[in-house]
Amino acid sequence: GSGHGEPREAVIAVGSNQGDRVANLWRGITALASRGDTDVLQYASLYETAPAYFTAQGEFLNSAVLVSTTLAPLELLDALKGIEASLGRKLGGGGGEDDDDGGVP
């Protein structure tokens, strides 16, 4: 593990529903691309969607990012959670609202 395996591709769903949503997504993608173990290969167009489940929140901007990474799947998830935390996302708010918004899941 820990970024020393064979590169593999992964698709990551990203979204933001607070503040400057485009800037939030870009900050998350940039943070991911700045890692030495993960390269951003492509990202999809932005799509605006209504919130699901907890609907008393703002519209989301969503996209997907194709990466090449040497991280194992759980290591990649941990890295994404770390990016979210560094960008201010607070998980477990109860209502389902994204409190951050760094844009990565």
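Scroll up to find the structure this text is about.
The text that follows walks through the structure, step by step, so that each part is easy to find. Just so you know, these numbers come straight off a predicted model, no measurement behind them.

Things to note about the overall build of the chain
In step 1: Tallying secondary structure elements over the chain gives two helices and four strands in all.
In step 2: Counting helices and strands in the order they occur from the N terminus, the chain gives β-α-β-β-β-α.
In step 3: Counting every position in the chain, which comprises 105 residues, the buried fraction comes to 37%.
In step 4: Relative to all contacts within the chain whose residues are 6 or more apart in sequence, the contacts with residues 24 or more apart total 69%.
In step 5: Of the accessible surface of the chain, which amounts to about 5,900 Å², a share of 55% is contributed by carbon and sulfur atoms.

Remarks on the nonpolar core
In step 1: In this structure, Ile12, Val14, Leu32, Val65, Val67, Leu76 and Leu80 are the most contacted members of the largest nonpolar core, which totals 15 residues.
In step 2: For this core, the secondary-structure elements that each account for two or more residues are β1 (8-16), α1 (21-33), β4 (60-69) and α2 (73-86).
In step 3: It is α2 that contributes the most residues to this core, four residues altogether.

Quick look at α1
In step 1: For α1, which comprises 13 residues, the first-to-last C-alpha distance of 18 Å matches the rise-based estimate of 18 Å (1.5 Å per residue) to within 8%.
In step 2: Asn24, Leu25, Gly28, Ile29 and Leu32 are the residues of α1 that are buried. All buried residues of α1 fall inside an arc of 130 degrees around its axis, so they share one side.
In step 3: Close packing links the buried residues of α1 with β1, β2 (38-43), β4 and α2.

What to know about the side chain of Ser16
In step 1: Along the chain, the position of Ser16 falls in strand β1.
In step 2: For Ser16, a relative accessible area of 0% puts it in the buried group.
In step 3: Only 3.2 Å separates the side chain of Ser16 from the side chain of Asn24, close enough to count as a polar contact.

Remarks on the side chain of Thr38
In step 1: Topologically, Thr38 is positioned in strand β2.
In step 2: For Thr38, a relative accessible area of 0% puts it in the buried group.
In step 3: Among the polar contacts made by the side chain of Thr38, one reaches the side chain of Asp37 at a distance of 3.0 Å.
In step 4: Among the polar contacts made by the side chain of Thr38, one reaches the side chain of Thr69 at a distance of 3.0 Å.
In step 5: Here Thr38 is in contact with Leu32, Ala33, Val67, Ser68, Thr69, Leu71 and Leu76, once residues within four sequence places are set aside.

As for the pairing of β4
In step 1: By the criterion of burial, β4 is predominantly enclosed, with seven of the ten residues buried.
In step 2: Sheet analysis places β1 next to β4, joined by nine bridges and oriented antiparallel. Among the inter-strand pairings, Glu9 is bridged to a residue of β4, identified as Ser68.
In step 3: One ladder, built from five bridges, connects β2 with β4; its direction is antiparallel. Among the inter-strand pairings, Thr38 is bridged to a residue of β4, identified as Thr69.
In step 4: With three bridges connecting them, strand β3 (residues 47-49) and β4 associate as antiparallel partners. What sits directly across from Glu48, in β4, is Leu61.

Quick notes on the rules
Residues numbered from 1 in each chain as written. Predicted model: local features only at pLDDT ≥ 70, side-chain atom pairs only at ≥ 80, totals over all residues. Heavy atoms only, no water. Helix = DSSP H or I, 4+ residues; strand = E, 2+ residues; numbered from the N terminus. Buried < 20%, exposed > 50% of the residue type's maximum accessible area, 1.4 Å probe, protein only. Contact = heavy atoms within 4.5 Å. Areas by Shrake-Rupley, 256 points an atom, 1.4 Å probe, with all protein chains shown as cover. Core = buried A, V, L, I, M, F, W, Y, C linked by side-chain atoms within 4.5 Å. Expected span 1.5 Å × (residues − 1). Arc of directions from axis to C-beta. Polar contact = N/O pair within 3.5 Å; in protein donor to acceptor, adjacent residues only side chain to side chain. Pairing = 2+ DSSP bridges.

This is a description of form; function is not addressed.
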